Amino acid sequence: MSYPELMIESIARVEETRSSRLKQIMPRITLEEKQILLENFHPDYKSESFRKLKIGPNRGDKVPHELADLLEARSRIEPKDFDLSRVDYETEVLVIGGGGAGTAAALTAQEQGIDVIIATKLRWGDSNTIMAQGGIQAADKENDSPVRHYIDLVGGGGFVNIPELARALVFDAPMIIRWLESLGVMFDKEPDGTMKTVHGGGTSRKRMHSCRDYTGMEIMRVLRDEARNRGIHVLDFSPAVEILLDESGKCAGAILYDLETEEYFIVKAKATIIATGGMGRLHVQGFPTTNHYGATADGLVLAYRVGAKLIFMDTVQYHPTGVAYPEQILGQLVTEKVRGMGAQLVNNEGFQFINELETRDIVSAAIIRECTDRNLGVVTPTGMVGVWLDTPMIDIKHGSGTTQRTLPAMVRQYMRYQIDITKQPILVYPTQHYQNGGILIDENAQCSIPGLFIAGEASGGVHGRNRLMGNSLLDILVFGRRAGKNAALYASTTKVNSLTLKHLEKFHQELIESGVGLERVSPMLLPDYSSHLSKIRRKGGVIIA
Amino acid sequence: MKTLNEIEVTKKSEFKSTDTKMEFVNIFFAGKRYRVLKGLTILKALEFAGYRLVRGVGCRGGFCGACATVYRTDGDYRIKVGLACQTMIENNMYLAQLPFYPAIKAFYTVDEIKPSGDLFLRYYPEIMKCLQCNTCRKVCPQDLDVMRYIAAAQRGDVSRVADLSFDCLQCGLCASRCPAEIVHYHVAQLGRRSYSRFMQKPSTHLSKRIEEINSGKFNNEIESLIKLDRKELEIIYSQRDIEPEEEIAPKKDED
Ligand SMILES: Cc1cc2nc3c(=O)[nH]c(=O)nc-3n(C[C@H](O)[C@H](O)[C@H](O)COP(=O)(O)OP(=O)(O)OC[C@H]3O[C@@H](n4cnc5c(N)ncnc54)[C@H](O)[C@@H]3O)c2cc1C
Ligand code: SF4
Ligand code: SF4
Ligand code: FES
């Protein structure tokens, strides 16, 4: 496939300036310039893309329209008509979501000697966890300390992280790494057992632990294998569509929807853990995403309806370098390593426009400015716009063969489309990456509803307004384990009364009274990527928006 | 003559084209013909054709192995395989998805999988039936030398199995084509866990730090940080010293 004509002309301009750019470092911009850049071009500052919620615990708070559309929506079931007397599964702990957080929670709950069921939407492990490449943080080296980790964490998060959650994260971190080590996770180590650690964005010590270029996959594989060995009961292709309460207002399980048979199943549980991950597939403001197919904010919707509060949902993390061409891999992650190794960001004319080592929000905003206001982006045949990431510079700077050696997966991926990244630059544009906020929890991973625990990307507070790389894989295990343990303890002392969906009736009533109405249905479960034409056909030829 | 598809796509579409020439190809999904836009991956072509996939899709980025696909191309007798999210369609491609493959996994506790000459044979004796046909290697979408790690497993070479199999997505394609009915990816998983648990040395700095934390060494410092107001925290943050970076390939920013 390689590049089409117009893009090749632009590449020629990039090549022309390359030798002079090699000697040139773009100066960093001042604090004031940063603020102006963010306010004008960072998606979080685009006020028309947000709206205030009309109902629920966060009434009056602004969230992206795409999320508001799901929070302000009715259930797919009719609560009055739903028969709750026919319970299909009864368990002590129900875990919703089979990613890293959910599986860690299930393992830990089971260690307390109680029954656990995991219900997940796709296959077990099909998740954001499996896609994490970079690494996991823990302050376990001599020159480091949990105190330093804490400072880096809250500095990165804009100084609004919830202190108790931040403390839990940094104190539990070494214990989590030890747990993974004992389960047989293959960390990158020196022969004497010392962990090989590197820097990540915003770290003051090298505390990023890795498993080659597949850290998340390795962790997920081992946790899943362990849970299989221990015989943990998993219901896959069975997303939760509603949380159940009992008459006393405690959480009492969930309603699952079998995606294949289209049946509903009732799980009665003494404690429930939501570990449903993020929301990349909402494509906030139309951005492409790095997230997996099932990242549709379901957990937020479910928790919101039973009265749990959300926090920091007005900030979304964009990764500055998502793939903008070829269309086949649109939105996928181009690791920061590429910029770290010297590849510059260059516009359609072949000129640099930002120091590529500025923070992620600044680089994203600068790329967006180049592609919109300044009209210096490169347009692809499918109408996507992006800027060049001048990858051939890596080999020029560090010697030929460096790219192949350090970024083999990326070289392989582009070669599938006849693009040799060691010879030609690649086109990038910011991509929706991480849900900074989520359902507010306390140190015990509990939300405001008794019996309902939250872990992982679905939860909010620990990262403040901005998560740093490597703290998310850590967070899902720290709070996954805390949720599992506390849910088990709670379950062993609680009794569930008769089930009810009264909260849902009330929620529907609020939808009507606030004027939102009952038209929209959520949770989304899966995005619909079928073509526009097939959507029309499905509606019997009616043109839909 | 243009099909309805072509007219619609060029008129109003999610593919805002700047060079309006849209080309179409035929694909046969489970034997049924669909006309789809040229240049898509198998995954996106199925969605273009109207499928709202539940099975056979996960990460959409080549990490999860949910989208294993078997296909044949025009005029070629050979069966080919690939990941639907990573493989481009070709005209007259015949394909079927293989989102699940029945496989047996051995159950063990991690303490009982100490490396030994017969570790793999104990749990997966069928590995001795390998015919060395090399099919597993040829189908692996990660280009792993699957046959070689099976040979290493036969010898009980745990570290070799772990190293050679590390990039495995557990997609199941190797197992689906193996005449000896070996489940390679489970063999590999056993090897990696055994290696990491018993052949890699545990980190002593880790034990030390856990002891320090448990003994309360950092409690006071953290508690006093928690009490600080934002301004004071900002100062501490901006004045913190940063460990110098000496590698040629620094990792910067979030992934
Ligand atoms: C490409 C990429 C690279 C990343 N790199 C890093 C990195 O290097 N370091 C780092 O720390 N972090 C990284 N992250 C972030 C990190 O991987 C995730 O934030 C984290 O793994 C989330 O874990 P989780 O268990 O909370 O959610 P997930 O792993 O996404 O799991 C959630 C699970 O819940 C299921 N689910 C969803 N809805 C429902 C429902 N209604 N009912 C039942 N189940 C449901 C999903 O299908 C999924 O299996 C990266 C993320 C991506 C996408
Ligand atoms: S496909 Fe099976 S029999 Fe053939 S080489 Fe691989 S393991 Fe051996
Ligand atoms: S070794 Fe087998 S399961 Fe693993 S990636 Fe290769 S073909 Fe897939
Ligand atoms: S969808 Fe995950 S590998 Fe293709």
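Residues numbered from 1 in each chain as written. Chains lettered and ligands numbered in written order. Predicted model: local features only at pLDDT ≥ 70, side-chain atom pairs only at ≥ 80, totals over all residues. Heavy atoms only, no water.

This part takes up the pairing of strand β5 (residues 93–97) of chain B. All names here are of chain B. On β5, burial follows the alternation: M93, L95 and Q97 on one face are buried, whereas Y94 and A96 on the facing-out side are not. As judged from the three bridges shared by strand β1 (residues 24–29) and β5, these two strands associate in the parallel manner. Of the residues in β5, the one forming a bridge with F28 is Y94. Of the pairings in the sheet, the one linking strand β3 (residues 68–72) to β5 comprises four bridges and is antiparallel in character. (Buried < 20%, exposed > 50% of the residue type's maximum accessible area, 1.4 Å probe, protein only. Helix = DSSP H or I, 4+ residues; strand = E, 2+ residues; numbered from the N terminus. Pairing = 2+ DSSP bridges.)

With that out of the way, let us pick up the nonpolar core. Of all hydrophobic cores here, the largest spans 253 residues; its most connected members are L180, I274, L477 and F479 of chain A. A total of 12 residues in this core trace back to one element, the largest contributor, which is helix α6 (residues 163–183) of chain A. Counting only domains with at least three residues in this core, you end up with domain 1 (21–97) and domain 2 (101–225) of chain B. (Core = buried A, V, L, I, M, F, W, Y, C linked by side-chain atoms within 4.5 Å. Domains from an automatic or database assignment.)

To continue, consider the interface of chain B and chain A. Of the residues lining the interface, 95 residues belong to chain B; the matching set on chain A comes to 118 residues. Here chain B meets chain A over a buried area of about 9800 Å², counting both sides, of which 54% is carbon and sulfur. At the surface where chain B touches chain A, the tally comes to 13 salt bridges. Of the charged contacts, one joins D241 of chain B and R148 of chain A as a salt bridge, the two residues approaching to 2.3 Å between their closest N and O atoms. Linking chain B with chain A are 49 residue pairs in polar contact (both at pLDDT 80 or more), by the criterion used here. Elements supplying a minimum of two residues to the side of chain B that touches chain A: α1 (4–11), α2 (42–48), α6 (158–165), α8 (184–199), α9 (204–214), α10 (219–227) and α11 (230–239) of chain B. Across the side of chain B that touches chain A, the residue classes tally to 40 nonpolar, 20 polar and 35 charged. (Contact = heavy atoms within 4.5 Å. Buried area = accessible area lost by both parts, 1.4 Å probe. Salt bridge = Lys/Arg side-chain N within 4 Å of Asp/Glu carboxyl O. Polar contact = N/O pair within 3.5 Å; in protein donor to acceptor, adjacent residues only side chain to side chain. Nonpolar A, V, L, I, M, F, W, Y, C, P; charged D, E, K, R; others polar.)

On to the site of ligand 2. Around ligand 2, a shell composed of 13 residues is seen, among which C130, C133, N134, C136 and C178 of chain B lie nearest. Looking at the shell around ligand 2 residue by residue, the class counts come to nine nonpolar, four polar and no charged. (Near = heavy atom within 4 Å.)

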